[in-house]
Structures are given as structure tokens and as C-alpha cells.
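# Descriptive structure summary
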Amino acid sequence: EPEVTQTPSHQVTQMGQEVILRCVPISNHLYFYWYRQILGQKVEFLVSFYNNEISEKSEIFDDQFSVERPDGSNFTLKIRSTKLEDSAMYFCASSYPSGGRDNEQFFGPGTRLTVL
Amino acid sequence: ILNVEQSPQSLHVQEGDSTNFTCSFPSSNFYALHWYRWETAKSPEALFVMTLNGDEKKKGRISATLNTKEGYSYLYIKGSQPEDSATYLCAFNQAGTALIFGKGTTLSVSS
């Protein structure tokens with residue numbers, strides 16, 4: 001069964017460093033998403049991506065964040081200068097537009113980012 | 001600010017018990033309600049996507065109902081098994097907006 005994969009599973013970085021989190025969405029999906037969950041808090045939407053551009057982003061997704069689909073299979077989230085408060089589990093998701101409201105999003109297993 | 005609340009936050013049941021959790025969401029401009037099952041170290045797995053008021057969906061021993069007018073959904077598990085132990089997330093969205101998640105209900109089933 002096709003699945004969303006994410007690498008690495010765990011990333012440790014120093015404050016101020018750049019990190020790139022990688023995702024391989026399901027191959028025929030057209031919508032891509034990043035979410036994060038800070039420990040003990042709710043899963044929060046960061047950004048959605050369609051047709052090679054951002055379709056929606058939250059207040060969290062500021063200038064420190066960027067997304068890219070560099071090669072037609074990978075979908076990346078870059079954090080330019082990490083802060084302590086960026087420590088969280090980052091989830092990638094993808095979906096194929098069903099044409100109806102029942103558009104299901106398929107999630108990857110997450111990357112745990114720890115900023116020291 | 002749109003908010004999704006889930007209750008209880010956690011519960012512990014014995015194998016064979018039936019249980020249910022609640023998800024509350026804003027009733028205005030409803031578009032869809034998603035239930036996910038999330039086991040530690042695994043991907044959140046979609047259980048149901050519900051769109052119509054009065055919808056009832058079932059997958060094995062798990063079922064869900066939806067009331068969009070009053071803004072709640074119930075998830076039921078009949079005859080809980082240890083493998084049902086997980087966090088159950090609900091997420092809601094209005095038309096054209098991103099999913100808004102609740103904090104989840106963590107279920108622990110003892111054999």
C-alpha cells in the first residue's frame with residue numbers, strides 16, 4: 001500500500017542552524033501539507049502546496065520557513081535559522097483531490113526536530 | 001479563533017469494554033470532520049472523513065456519528081482490544097481552509 005515517507009526520523013540541531021526536512025508524498029497525489037506538533041500540544045497546520053505553489057499558510061509559517069518540491073517526488077520544509085521553540089514533531093501529508101468534501105489526507109510518520 | 005475540543009483527554013479501559021469519545025467543533029460553515037488513529041512512532045491513520053449531518057460511518061468495531069448543527073462527533077469502539085490502544089485525533093475544516101486538530105484522546109486497553 002502506498003505511503004508517505006519522511007526523513008530523517010529524528011534531527012538534532014543547534015539554534016540558528018538551517019534544517020531541511022524531507023518528505024516523499026504518495027506518487028499520484030497533488031496536494032501536499034506540513035503540520036507540526038509541539039510536545040503536549042495540538043497538531044498545527046503550517047502550509048499547503050499545490051501546483052508548485054503555496055495555497056495556504058498559517059501564522060506560524062513565517063519568513064524562516066520555506067517549502068519546495070525540487071524534483072517531482074520530494075517535498076521539503078526548510079527552516080532557515082532554527083529557534084528553540086521550533087522543536088516539535090513535523091508531519092508531512094498528501095492528498096489526491098477526490099472532487100468532494102471527503103478528501104482524505106495521508107500522513108507520514110513524522111520527523112522529530114530537537115533544537116538545542 | 002476556531003477551536004476543536006476532544007474529551008476525555010485520556011482513558012483506560014479493560015479488554016472487551018466498549019467506549020466512546022467526543023469531538024466538538026464550530027458548527028458554522030462546516031465542511032468536513034476527520035478522525036485519525038495515531039499509534040506511537042507510526043503515521044496518523046485516517047479512520048473516517050465525515051461530511052453530512054447525521055452521517056454514521058463504521059469500520060470493523062469502530063464507528064462514528066456526526067452532528068453538524070450542534071457541532072459534535074462521537075467515536076465509538078465496541079469490544080476494545082489491546083491493539084486499539086492509540087491516540088484518536090479529530091480534525092475539522094471549513095470550506096477552503098486547513099484542518100484544525102483537537103488535542104486527541106489517548107486510549108489504553110488492558111488485557
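Keep in mind it's a predicted model, so treat the numbers as computed, not measured.

## Focus on the overall build of chain B
Per the secondary structure count, chain B includes 0 helices and 11 strands. Listing every helix and strand of chain B by position from the N terminus yields β-β-β-β-β-β-β-β-β-β-β. In terms of overall size, chain B behaves like a compact globule, its C-alpha atoms giving a radius of gyration of 13 Å where 111 residues would be expected to give roughly 13 Å. Along the three orthogonal principal directions, the C-alpha set of chain B runs to about 40 × 30 × 20 Å. Counting the 111 residues in chain B, one finds 50% classified as buried.

## Notes on the pairing of strand 5 (residues 45-50) of chain B
With 5 of its 6 residues buried, strand 5 of chain B lies for the most part within the structure. If you look at the hairpin formed by strand 4 (residues 30-38) of chain B and strand 5 of chain B, you'll find 6 residues sitting between the two strands, and A41 of chain B has a positive phi there, around 70°.

## Re the state of the cysteines
One covalent bond between the sulfur atoms of two cysteine residues makes up a disulfide. Residues and elements named next belong to chain A. This structure, assessed with the given rule, holds 2 disulfides over all chains. Linked covalently through their sulfurs, C23 and C92 form a disulfide whose S-S length is 1.9 Å. Taking the sign of the S-S torsion, about -60° here, the bridge from C23 to C92 comes out left-handed. Placement of C23 in strand 3 (residues 19-24) and of C92 in strand 9 (residues 88-95) is noted, with a sequence separation of 69 residues between them.

## Comments concerning the packing of aromatic side chains
Following the criterion strictly, the structure yields 20 aromatic pairs over all chains and no others. A ring pair is formed by F32 of chain A and F75 of chain A, whose centres lie 5.5 Å apart and whose planes are at 40°; its orientation type is tilted. Here F32 of chain A is found in strand 4 (residues 31-37), whereas its partner F75 of chain A is found in strand 8 (residues 75-79), with 43 residues between them in sequence. A relative accessible area of 0% means that F75 of chain A is categorised as buried. By the ring-pair criterion, three or more aromatic residues cluster together here, those being Y33, Y35, F45, F91 and F107 of chain A together with Y36, W38 and F101 of chain B.

## Describing the interface of chain B and chain A
Taken together, the contact between chain B and chain A spans 23 residues of the former and 18 residues of the latter. Summing both partners gives a buried area of about 1700 Å² for chain B against chain A, and 59% of it is carried by carbon and sulfur. The largest per-residue losses of area from chain B upon contact with chain A belong to W38, F101 and K103 of chain B, which jointly make up 28% of the total buried on that side. At the boundary of chain B with chain A, the tally comes to 0 salt bridges. Our enumeration of links across chain B and chain A arrives at 7 residue pairs in polar contact (both at pLDDT 80 or more). Broken down by secondary-structure element, the contributors of at least two residues to the side of chain B that touches chain A are strand 4 and strand 5 of chain B. Sorting elements by how many residues they give to the side of chain B that touches chain A places strand 4 of chain B first, with 6 residues.

## Thoughts on the sheet that holds strand 1 (residues 5-7) of chain A
Backbone-to-backbone hydrogen bonds join strands into a sheet, with any given pair of strands oriented parallel or antiparallel. All names here are of chain A. Judged by pairing direction, the sheet is antiparallel, and its 4 strands sit side by side in the order 1-3-8-7 without closing on themselves. The open sheet has two edge strands with one neighbour each: strand 1 and strand 7 (65-68). Averaged over all adjacent pairs, the angle separating strand axes in this sheet is 20°, with direction ignored.

## Let's talk about unusual backbone geometry
The omega torsion across T7 of chain A and P8 of chain A is -10°, close enough to zero to call that bond cis. Inspection of the secondary structure puts P8 of chain A in the loop between strand 1 and strand 2 (10-13). The omega torsion across S7 of chain B and P8 of chain B is -5°, close enough to zero to call that bond cis. With respect to the secondary-structure elements, P8 of chain B resides in the loop between strand 1 (5-7) and strand 2 (10-14). Backbone geometry places N51 of chain A, a non-glycine residue, at a positive phi of 55°. Here N51 of chain A shows up in the loop between strand 5 (43-50) and strand 6 (53-57).

## Notes on the pattern of salt bridges
Inspection of the entire model under this criterion finds 6 salt bridges over all chains. Linking E44 of chain A and R36 of chain A is a salt bridge whose minimum nitrogen-to-oxygen distance equals 3.3 Å. Judged by relative accessible area, E44 of chain A falls into the partly exposed class, the value being 24%. Residues joined by salt bridges that share partners form a network here, namely R37, E39, K42 and E45 of chain B.

Definitions and limits used
Sequence order as written defines the numbering, with residues in each chain counted from 1. Following the order in which they are written, the chains are lettered starting with A and the ligands numbered starting with 1. Local features in a predicted model are, by the rule used here, given only for residues with pLDDT of at least 70; side-chain atom pairs are given and counted only at 80 or more, and totals for whole chains, interfaces and linings are based on all residues. Excluded from the side-chain calculations are hydrogens and water; all other atoms, namely the structure's heavy atoms, are used. Secondary structure elements are taken from DSSP: a helix is a run of H or I of four residues or more, a strand is a run of E of two residues or more, and numbering for both begins at the N terminus. A radius of gyration in this sense is built from C-alpha atoms; the matching globule rule multiplies 2.2 Å by the number of residues raised to 0.38. When a residue's accessible area, from a 1.4 Å probe over protein chains only, is under 20% of the maximum for its type it is buried; when over 50% it is exposed; and in between it is partly exposed. The criterion for strand pairing is that DSSP finds at least two bridges linking the strands in question. Here, two cysteine sulfur atoms that lie within 2.5 Å of each other are counted as a disulfide. Centres within 6.5 Å are what make two rings of Phe, Tyr or Trp a pair, Trp counting through its six-membered ring; a difference in plane orientation under 30 degrees is then read as stacked, over 60 as edge-to-face, and the rest as tilted. Throughout, a contact is declared for two residues whenever any of their heavy atoms are within 4.5 Å. Summed over both partners, the accessible area (1.4 Å probe) lost when two parts come together is defined as the buried area. Salt-bridge detection follows one rule: a side-chain nitrogen of Lys or Arg within 4 Å of a carboxyl oxygen of Asp or Glu. Polar contacts here mean pairs of N or O atoms no more than 3.5 Å apart (in protein, one a potential hydrogen donor and the other a potential acceptor; neighbouring residues in sequence count only if both atoms are side-chain atoms). Convention adopted: a line fitted to C-alpha atoms gives each axis, helices being fitted over their contacting stretch, and angles between N-to-C directions are expressed from 0 to 180 degrees.

In short, shape yes, function no, at least from these values alone.
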